[in-house]
Amino acid sequence: MNKIASAHQLGPMLRLPSSKSDESLLGYIFRVGKLNGCSSLQHMYSLVGKEGMARDGGWPWLYESTPNRQKMQVLFDGMEANWPSVVENQLQLFGLEYPARYIKFKYPKFCPACLAESSHHRWYWDLAHVTVCLKHQLLLMDRCLGCRKRLYWDREMLSFCACGCDWTQVDGQAVAESNELYVTRRVLAFCGFGQQREEGSFLDTLDLVAFLDTTFFAASLYLLSQKKWKLTLKKQNHIFHLGLTEACALLADPPQSFFAFLDELYPDERKRILSLCKDYLGQPAGPLTAWVA
């Protein structure tokens, strides 16, 4: 690509591929940049005068500021209609409102088998509660199996690591048990991928936000008590997966199953301990708080 004097002189890119129906915004930006000779996502952002934004994908710059969108529009003609944005802490995407607090922008994850089929980043991989690929029943990866380094958006290739590892050729970790697929399956059903189950358990009765809050808090409480880990969006995907899977077990027969867990840890102190944990973890507890009120 020809050298560009400044962002203000930047015209539409020469090659604009059609976006995939399930492609993320950052994935599309990454793909357009590579198609037009940019060496990295940071190279893309430098063209519009944004330095040091690419390591976490440019969040929240890309999603929250209308002026910044207009500046990026110079790079991507015709993209504004499908541009996701965050309004009042909700991600607005294809008619879906999703709590931004449960979206992992900084550390992307992926299914190696999906990348082998089509080299584009699926937007639902960025949802914290989506930890597995239902199609291939594989745990999503957020660390290179070659050099063991965490993934960042500011990398040279979408499907290859700088160490030379081809992520489309690695063997992912199989996830076959239905209880390990449940959270991802339910979240994607909320997003329009698949059918919601008939109400057969407590978790099946919850709406999207209550489901996300309740499972995330229960996962946090389990990991804190068993592993001494505080669950945040910085944690690796396999930790999320472990926590959410165990959270479903804690909530299998509520509230008795959840109370039994609390009482094992802190006998006869349910209300005080849950309140303390909620304050410490800084996360909404969903219906769990009401159970011990």
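Reading the values: the criteria
- Residues numbered from 1 in each chain as written.
- Predicted model: local features only at pLDDT ≥ 70, side-chain atom pairs only at ≥ 80, totals over all residues.
- Heavy atoms only, no water.
- Pairing = 2+ DSSP bridges.
- Helix = DSSP H or I, 4+ residues; strand = E, 2+ residues; numbered from the N terminus.
- Axes fitted to C-alpha atoms, helices over the stretch in contact; angles between N-to-C directions.
- pLDDT = per-residue confidence, 0-100.
- Core = buried A, V, L, I, M, F, W, Y, C linked by side-chain atoms within 4.5 Å.
- Buried < 20%, exposed > 50% of the residue type's maximum accessible area, 1.4 Å probe, protein only.
- Contact = heavy atoms within 4.5 Å.
- Parallel < 35°, antiparallel > 145°, perpendicular 65-115°, else oblique.
- Left-handed = near helix turned anticlockwise from the far one by under 90°.
- Nonpolar A, V, L, I, M, F, W, Y, C, P; charged D, E, K, R; others polar.
- 1 Å grid on protein atoms, 1.4 Å probe; cavity = no way out; pocket = protein on both sides within 12 Å on 5 of 7 lines; lining within 4 Å.
- Points joined across faces, edges and corners; volume = space filled by probe spheres on them.
- Expected span 1.5 Å × (residues − 1).
- Salt bridge = Lys/Arg side-chain N within 4 Å of Asp/Glu carboxyl O.

1. Some thoughts on the sheet that holds strand S3 (residues 96-99)
Read from one edge of the open sheet, 3 strands run S1-S2-S3, paired in antiparallel fashion. A strand with exactly one partner marks an edge of an open sheet, and here the two such strands are strand S1 (85-87) and S3. When strand polarity is set aside, the average angle formed by the axes of neighbouring strands in this sheet is 35°. One ladder, built from 3 bridges, connects S1 with strand S2 (residues 90-93); its direction is antiparallel. Counterpart to serine 85 in the pairing with S2 is glutamine 92.

2. Considerations on the confidence of the model for the protein chain
For residues with low pLDDT, the predicted coordinates do not support detailed interpretation. Per-residue confidence for the protein chain gives a mean pLDDT of 82; residues scoring 70 or more make up 81%. Across the protein chain, strand S5 (residues 138-139) holds the top mean pLDDT of 97, while helix H4 (residues 66-73) sits lowest at 60.

3. A word on the nonpolar core
In this structure, Tyr98, Leu127, Val187 and Phe258 are the most contacted members of the largest nonpolar core, which totals 80 residues. Ranked by the residues each element gives to this core, the list is headed by helix H7 (residues 208-226), at 12 residues. Residues in contact with tyrosine 98, not counting those within four places in the same chain, are Asn89, Gln90, Leu91, Ile103, Leu127, His129, Val187, Cys191, Leu208 and Leu212.

4. A look at unusual backbone geometry
What is expected of a backbone is that most residues other than glycine have negative phi and most peptide bonds are trans. For the bond from proline 254 to proline 255, the omega torsion is -5°, close enough to zero to count as cis. One can find proline 255 in the loop between helix H8 (237-250) and helix H9 (256-265). The phi angle at arginine 148 is positive, at roughly 70°, despite the residue not being glycine. If you trace the backbone, arginine 148 turns up in the loop between S5 and helix H6 (178-190).

5. Points about the packing of H7 against H9
Packing of H7 against H9 leaves a shortest axis separation of 12 Å and a crossing angle of 25°. In terms of orientation, H7 lies roughly parallel with respect to H9. In the crossing of H7 with H9, the sense of the turn from one axis to the other is left-handed. Taken together, the residues of H9 that come into contact with H7 (itself represented by Leu221, Tyr222, Ser225 and Gln226) are Phe258, Phe261, Leu262 and Leu265. Of the residues that constitute the contact of H7 with H9, the class distribution is 6 nonpolar, 2 polar and no charged.

6. Here we look at empty space enclosed by the protein
Overall, the coordinates contain 2 cavities of 30 Å³ or more when judged by the stated rule. Looking at the largest cavity, its volume works out to about 90 Å³. Lining the largest cavity, in full, are Ser24, Leu25, Tyr63, Pro84, Leu91, Leu93, Ile103, Phe105, Trp123, Asp126 and Leu127. Its residues assigned to classes, the lining of the largest cavity shows 9 nonpolar, 1 polar and 1 charged.

7. With respect to the environment of tryptophan 123
Summarising the element assignment, tryptophan 123 is placed in the loop between helix H5 (112-117) and strand S4 (132-133). Between the C-alpha atoms of tryptophan 123 and leucine 25, which are 98 residues apart in sequence, the distance is 7.4 Å.

8. Concerning H8
Its 14 residues give H8 an end-to-end C-alpha distance of 20 Å, which sits within 8% of 20 Å, the value for a rise of 1.5 Å per residue. In terms of burial, H8 is a largely internal element, 10 of the 14 residues being buried. When we look at burial in H8, the residues that qualify are Asn237, Ile239, Phe240, His241, Gly243, Leu244, Thr245, Ala247, Cys248 and Leu250. The inward-facing, buried residues of H8 abut S4, S5, H6, H7 and H9.

9. With respect to the pattern of salt bridges
Pairs may arise between side chains of opposite charge once their charged atoms sit close together. The tally for this structure, following the rule as stated, stands at 4 salt bridges. Residue aspartate 22 is joined to arginine 122 by a salt bridge in which the shortest nitrogen-to-oxygen separation is 3.9 Å. Of the two residues, aspartate 22 is situated in the segment before helix H1 (25-35) and arginine 122 in the loop between H5 and S4; the sequence distance between them amounts to 100 residues. With respect to burial, aspartate 22 and arginine 122 carry one shared label: buried. Lysine 135 is the salt-bridge partner of glutamate 117, the closest N and O atoms lying 2.8 Å from each other. Remark: lysine 135 occurs in the loop between S4 and S5 and glutamate 117 occurs in helix H5; sequence separation between them is 18 residues.

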